[in-house]
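Descriptive structure summary
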2 protein chains.
Amino acid sequence: MEKLPEITVNRLSIYRRYVKSLLKKGKLLVTSEKLGKKMHFKPSQIRRDLSYVGQFGERGKGYNVKKLSQGLDKTLGLDRKWQVALVGAGNLGRALSAYPGFRQHGFKISVIFDNSPTKIGKTWLGVEIRDIKQMPKVIKEKKIKIAIIAVPYFSAQQAADILMRSGVKAILNFAPYKLAVPEGLKLKNIDLSTELQSLSCFLTK
Amino acid sequence: MEKLPEITVNRLSIYRRYVKSLLKKGKLLVTSEKLGKKMHFKPSQIRRDLSYVGQFGERGKGYNVKKLSQGLDKTLGLDRKWQVALVGAGNLGRALSAYPGFRQHGFKISVIFDNSPTKIGKTWLGVEIRDIKQMPKVIKEKKIKIAIIAVPYFSAQQAADILMRSGVKAILNFAPYKLAVPEGLKLKNIDLSTELQSLSCFLTK
DNA sequence: TAGATTGTTAATCGATTAACAATC
DNA sequence: TAGATTGTTAATCGATTAACAATC
């Protein structure tokens, strides 16, 4: 199969959300024209993106909403539940652990790690905060493959190193630090101040 | 001037962070070769990106760290302070209002809005939470141009509409909703569950 | 069958990278 | 001057879009 560009994956996730809403409304068919109108994408882009991952449509009719929805679930790995480890029980960690969108899509933060004695042992929404020293043990036990790093930048690389040694294969990193990770580990970075900077850059022009 | 691609702006923000650290260490010169090594970019890409916004180097020597740092500050609009309005005093709003990276780069969340009577009137780190109904008045008074939307998806468009009518020109949106905004307003979206989905997609392959 | 719309190919556009002239 | 490195141009690569044959 042709390889799926990252940017296409991001759009698939957006398509999926809208297709789910059509499914809920009981719609049976939808055209690339209609999808494009609603989400402000070109119909040809939608057809191209969808063709990477399967054939969910019927010529002359449009896409079968149910089939499309299931196909997108499958492609994005959302036809199952994922356990996620959260590293860092600060303000950001707290917000992420309560973020409803994760659970809605099958991501469950099932353990939180921190190094602060005042936090270790507490529970947030039923999830225990454990000592970072326990990370390898707990992550291996639970067979966790996805982790979120929400620690200060100066601890981020250390956290990543332990995570990868513990068997984590994909990391979402919120620390403003360019992590060094091995081939085969998927890394996504969200840098909140970079995002704001692109706004101030725009306003400056 | 040639127009500056969004993706280049993002990299400039990364370059800037590293250049600042060189400045702090007292380094006077740095080459695109060295920058590339450190940040894992191609030297030619760095030179191309920097050439969009100015000439900070000297042939045969490298880039003047101080000049480069100031140039990046200026381009990104970080040679000044920005007041930012935060809409939504939930968990995510709380984390954003405490996020140290914003203040470090000159972004000050100077007002928070919510519609919940139990929150209105409280203060977070010295910043008052005000009624959403006061948004047009307060934003105009303070001449705020940048806002962050951290409300549930079903309130996001309404929040955006009020913001734009109040004179806001750039929005960072955390709600998983495709906002309709007029030409001339800069919109950046951060969709936390989409980011996780690209990890689960990777793990599924 | 005629009309509609997918899936795919070809053309276009934009971003990255290599190459190199300019110049310190 | 010789060596180094920028700034910029040209070549390459990859993503978007238009066009259209396939087919319901």
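Note that the coordinates shown come from a computational prediction; the quantities given were computed from them, not determined experimentally.

In the superposition of chain A on chain B (RMSD 0.0 Å, axial shift 0.0 Å), the rotation amounts to 180 degrees. The symmetry that links the two subunits is that of a two-fold axis. Across chain A, the smallest distance between a C-alpha and the rotation axis is recorded for Ala-95 of chain A, namely 3.1 Å. Interface overlap between copies: 98% of the residues of chain A at the interface are likewise at the interface in chain B, consistent with a symmetric, same-surface contact.

The subject of this paragraph is the packing of helix 9 (residues 192-204) of chain A against helix 4 (residues 65-76) of chain B. One way to put it is that helix 9 of chain A packs onto helix 4 of chain B with a least axis distance of 7 Å and a crossing angle of 80 degrees. The orientation of helix 9 of chain A relative to helix 4 of chain B falls into the category roughly perpendicular. Counted together, Gln-197, Ser-200, Cys-201 and Thr-204 of chain A of helix 9 of chain A and Lys-74, Thr-75 and Leu-76 of chain B of helix 4 of chain B form the full contact between these two elements. When its residues are assigned to classes, the contact of helix 9 of chain A with helix 4 of chain B shows two nonpolar, four polar and one charged.

Our focus in this paragraph is unusual backbone geometry. Not every positive phi belongs to a glycine, and Lys-143 of chain A is a case in point at roughly 55 degrees. With respect to the helices, strands and loops of the structure, Lys-143 of chain A is situated in the loop between helix 7 (135-142) and strand 8 (146-149).

Let us now look at the interface of chain A and chain B. By a widespread convention, an interface's size corresponds to the accessible area lost as its parts come together. Taken together, the 54 residues of chain A in the interface contact 53 residues of chain B. Taken together, chain A and chain B are joined by four salt bridges. Where Glu-195 of chain A meets Lys-188 of chain B, a salt bridge forms, and the shortest distance between an N and an O atom there is 3.1 Å. Taken together, chain A and chain B are joined by 16 residue pairs in polar contact (both at pLDDT 80 or more). Listing elements by their share of the side of chain A that touches chain B, those giving two or more residues are helix 1 (6-24), helix 4 (65-76), helix 5 (91-98), helix 6 (100-104), strand 8, strand 9 (170-173), strand 10 (186-189) and helix 9 of chain A. For the side of chain A that touches chain B, the element with the highest residue contribution is helix 9 of chain A, accounting for 13 residues.

Right, let's get into the protein's contact with DNA strand C. Lining the immediate environment of DNA strand C, one finds 26 residues, of which Ser-32 and Arg-47 of chain A together with Arg-11, Glu-58 and Arg-59 of chain B sit closest. A share of 64% is what sugar and phosphate atoms reach among the atoms of DNA strand C within 4 Å of the protein. At 3.4 Å, a side-chain N or O of Gln-55 of chain A approaches a sugar or linking oxygen of DNA strand C. A distance of 3.3 Å separates a base nitrogen of DNA strand C from a polar side-chain atom of Arg-47 of chain B. Broken down by secondary-structure element, the contributors of at least two residues to the surface near DNA strand C are helix 3 (43-53), strand 2 (57-58) and strand 3 (62-64) of chain A together with helix 1 (6-24) and helix 3 (43-53) of chain B. It is helix 3 of chain B that contributes the most residues to the surface near DNA strand C, four residues altogether.

Here the focus is helix 3 of chain A. Residue and element names in this part refer to chain A. Among the residues making up helix 3, those that are buried are Ile-46, Asp-49, Leu-50 and Tyr-52. Down the axis of helix 3, the smallest arc covering the buried residues is 145 degrees, so these residues share one side. Summarising the contacts, the buried residues of helix 3 are in contact with helix 1, helix 2 (32-39), strand 3 and helix 4. Remark: Gly-54 follows helix 3 within two positions and exhibits a positive phi of approximately 160 degrees.

When a protein is soluble and globular, its nonpolar side chains tend to lie buried together. By size, the foremost hydrophobic cluster in this structure holds 94 residues, and its most contacted members are Leu-35 and Ile-148 of chain A together with Leu-35 and Ile-148 of chain B. In contact with Ile-148 of chain A, other than residues within four places in its own chain, are Val-84, Ala-85, Leu-86, Val-87, Leu-96, Phe-102, Ile-109, Leu-172 and Phe-174 of chain A together with Leu-196 of chain B.

Residue and element names in this part refer to chain B. Spatial ordering of the open sheet is given by 6-7-5-4-8-9-10, a layout of seven strands whose pairing is mixed. The two strands at the open ends of the sheet, each matched to only one other strand, are strand 6 (123-124) and strand 10 (186-189). Pairing between strand 4 (residues 82-87) and strand 5 (residues 107-114): six bridges, direction parallel. Bridging across to strand 5, Leu-86 finds its partner in Ile-112. Helix-sheet contacts for helix 8 (residues 153-165) involve strand 4, strand 8 (146-149) and strand 9 (170-173), and the interaxial angle to strand 8 is about 170 degrees.

When the domains of chain A are assigned, the result is domain 1 (6-76) and domain 2 (82-195). Of note, the centres of domain 1 of chain A and domain 2 of chain A, computed from C-alpha atoms alone, are 31 Å apart.

What follows covers the environment of Lys-119 of chain B. Residue and element names in this part refer to chain B. When you line up the elements, Lys-119 lands in the loop between strand 5 and strand 6. Overall, the relative accessible area of 28% leaves Lys-119 in the partly exposed class. The contact partners of Lys-119, leaving out residues within four places of it in the chain, are Ala-89, Gly-90, Asp-114 and Ile-129.

As a matter of local geometry, DNA strand D sits amid 26 residues, with Arg-11 and Glu-58 of chain A together with Ser-32, Arg-47 and Tyr-63 of chain B nearest to it. Across the atoms of DNA strand D situated within 4 Å of the protein, the share located in sugar and phosphate is 64%. Within the side chain of Glu-58 of chain A, one N or O atom sits 2.5 Å away from a sugar or linking oxygen of DNA strand D. Between Gln-55 of chain B and DNA strand D, the recorded distance is 3.4 Å, taken from a side-chain N or O atom to a sugar or linking oxygen. Broken down by secondary-structure element, the contributors of at least two residues to the surface near DNA strand D are helix 1 and helix 3 of chain A together with helix 3, strand 2 (57-58) and strand 3 (62-64) of chain B. With four residues, helix 3 of chain A is the largest single contributor of residues to the surface near DNA strand D.

The rules we used
Residues numbered from 1 in each chain as written. Chains lettered and ligands numbered in written order. Predicted model: local features only at pLDDT ≥ 70, side-chain atom pairs only at ≥ 80, totals over all residues. Heavy atoms only, no water. Least-squares fit on C-alpha atoms with pLDDT ≥ 70 in both. Contact = heavy atoms within 4.5 Å. Axes fitted to C-alpha atoms, helices over the stretch in contact; angles between N-to-C directions. Helix = DSSP H or I, 4+ residues; strand = E, 2+ residues; numbered from the N terminus. Parallel < 35°, antiparallel > 145°, perpendicular 65-115°, else oblique. Nonpolar A, V, L, I, M, F, W, Y, C, P; charged D, E, K, R; others polar. Salt bridge = Lys/Arg side-chain N within 4 Å of Asp/Glu carboxyl O. Polar contact = N/O pair within 3.5 Å; in protein donor to acceptor, adjacent residues only side chain to side chain. Near = heavy atom within 4 Å. Buried < 20%, exposed > 50% of the residue type's maximum accessible area, 1.4 Å probe, protein only. Arc of directions from axis to C-beta. Core = buried A, V, L, I, M, F, W, Y, C linked by side-chain atoms within 4.5 Å. Pairing = 2+ DSSP bridges. Domains from an automatic or database assignment.

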